[in-house]
Amino acid sequence: MNIMNEFAAHKRSGTISDTRVKASFGSRLGFGVLYLILGILAVIQIYPLFWLFLFSLKTNQEVFGMSPFALPQHPQWANYPKVWSQGHINLYFFNSVWYTVVAVLLTIILASFVTFAITRMNWKLSRFVLGLFIVGLMIPLHSTLIPLFNFFKHMHLINNPLSVILSYTAFNLPVTIMILLGFYQAIPREIEEAGVMDGCSVHRIFLRIVLPLTTPVLATTAIINMIYNWNEFVFVNTFISSDRWKTLTVGVNNFVGQYLTDWGAIGATLMISILPILIAFLLLSNRIVEGLAAGSVKG
Amino acid sequence: MKAVMSNKSAIALYVLPALLLILIIIYIPLVLTGYYGMMDWKGFAPMKFIGLDNYNKLIHDSMFWKSTYHSVLLGICSTFSLLIYLAVSMVLASRIKGANLFRKIYLIPMLLSSVAIAQLWSKIYDPSNGMLNHLLTSIGIQNPPLWLSDPNIVLFAIFVPIVWQYAGFYIIIYYAALKNVSEEVIEAATIDGATPWQVASRIKLPLISPVFKVTIILALVGSLKYFDLIFVMTGGGPNHASEVMASYMYGEAFSKYNFGYGSAVGFALLLICLLMTWLIRKLTTSGEDVQY
């Protein structure tokens, strides 16, 4: 009897642990497959960039004579300084930097003013004006190119950085306001009420009280704007024809067009053009993720 | 309080600079595009009013309709690829370790300029030294396609880097939306005996459907505006096989200097984008949005 009981107990526990093993094996297999798929996708997303890095360090003999997957035998780091000083890449790079910085600052300042006025102040047309800014997200910028080109030509702003910076700013205002909007709406009214009690003017309330509160979201909009401006192509390609004022995207494109067969040089220029963005991403990936998500889906 | 916060001159000071800028750079040019479309305006000669001739020509221009067809085709393919992104996001949002790292890796191509992506993928597609055809021949495929010079597959070859570029963008949007679905609702359903599949299809998907609608608009209208990548990779070629609306407009205006006709194409592009946005809104707002 005793033995029977023990046997039954043993058997029961055995089956229980058996099913547990089976279940966990099955779900482990399932998770394994999922991880494998996610891993393959990750490789697909970054391997092309690694491949770009590889061929930026190769000689033409290696590119044309060997497998594209081979590692560079003697990494040609000299490709980088070579393209940097030849082909104006350094000039384009610094143009890109300062256009980006000026446009980002201008966009953030203008957008903050507008968002404050729309979300915190009382006036009749605020909904309509907000609508004008938000609809800007859906506008194809190509539809504005010919009139803009004509306008800038008459203002003598063709081949002038101002044409590019103004266009960047105008077309980035909608997405910037969209990101700021949620943040401003969440600021409690009491903060302004306290300011009014203390006899602050509206400028003081905005500049001294509300604006400092928005620093985290300003950082997010700044990084998103930076990425958009750094990568912009059409405006510069249309409004700028002199090498003096070209940015990296257009400059790189022309450079690659000229040096069709020098893969090492092409790879190095492309690497230089994407490196600042990759570094920014390594440092600020959370803000970028948050900003891209907030800037696209709201309202 | 009220008096301070409805100070008219302060409102004007805050709003007018930005408002003037978008009026001058975006809205007035949009109206002017429609107006210039009524001009005979080639190169640097003065413009001459010709009424609706350009628009009439546009309606009968098979090249324009071909490029519109290509744009719409890319838009439809992009919309269907949203389902793949959604599936990946649902996997990532379900107790996957390292989900955060995965979605950041997926996002990296989105941060690169379309010019860099176009140049990189031109090299990947290179028939003799590129990565792709080398891979295909090494697994035994004889005569792999000449991706960018074959008019029958060039559009597909352009679509692949588009998917590559935007995957991470949509995945973070869906991931954020899925993470917003309240844990309590899911827990309650699980206790009531709902399978993971039922939780996904009956609870999570309906709850994120508003976000899904927005991404459909983004994908479709975004595709209609597609330009940089195609302009750099193929310039619309070979023989207009990858021409899209924006590249057709750009070519008419800034290569052929047909500013009048280019404006008409630009105006049509605007109308089609607005029409598409309105249409999708109309189609997807049947019934109330689900809330729990």
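Residues numbered from 1 in each chain as written. Chains lettered and ligands numbered in written order. Predicted model: local features only at pLDDT ≥ 70, side-chain atom pairs only at ≥ 80, totals over all residues. Heavy atoms only, no water.

Residue and element names in this part refer to chain A. Applying the stated rule across the entire model yields 46 aromatic pairs over all chains. The interplanar angle of 20° and the centroid separation of 5.7 Å between the aromatic rings of Phe235 and Phe239 together place this pair among those described as stacked. Of the two residues, Phe235 and Phe239 both sit in helix H11 (residues 234–239), four residues apart, roughly one turn of that helix. A relative accessible area of 1% means that Phe235 is categorised as buried. (Phe/Tyr/Trp six-rings, centres within 6.5 Å; stacked < 30°, edge-to-face > 60°. Helix = DSSP H or I, 4+ residues; strand = E, 2+ residues; numbered from the N terminus. Buried < 20%, exposed > 50% of the residue type's maximum accessible area, 1.4 Å probe, protein only.)

Under the domain assignment used here, chain A contains domain 1 (2–51) and domain 2 (79–296). The C-alpha centroid of domain 2 of chain A is placed 48 Å from the C-alpha centroid of domain 1 of chain A. (Domains from an automatic or database assignment.)

As a further point, take the interface of chain A and chain B. With 92 residues of chain A in contact, the opposing surface of chain B contributes 87 residues. Taking both sides of the interface into account, the surface hidden between chain A and chain B amounts to around 8,200 Å²; carbon and sulfur atoms contribute 79%. If you sort the residues of chain A by the area they bury against chain B, Gln45, Met138 and Ile146 of chain A come out on top, with a joint share of 9%. For the pair chain A and chain B, the interface holds 19 residue pairs in polar contact (both at pLDDT 80 or more). No other element matches helix H1 (residues 2–56) of chain A, which puts 16 residues into the side of chain A that touches chain B. Partitioned by chemical class, the residues of the side of chain A that touches chain B number 66 nonpolar, 22 polar and four charged. (Contact = heavy atoms within 4.5 Å. Buried area = accessible area lost by both parts, 1.4 Å probe. Polar contact = N/O pair within 3.5 Å; in protein donor to acceptor, adjacent residues only side chain to side chain. Nonpolar A, V, L, I, M, F, W, Y, C, P; charged D, E, K, R; others polar.)

Attention now goes to helix H5 (residues 99–107) of chain B. H5 of chain B sits mainly inside the fold: seven of its nine residues count as buried. Within H5 of chain B, burial applies to Ala99, Phe102, Arg103, Lys104, Ile105, Tyr106 and Leu107 of chain B.

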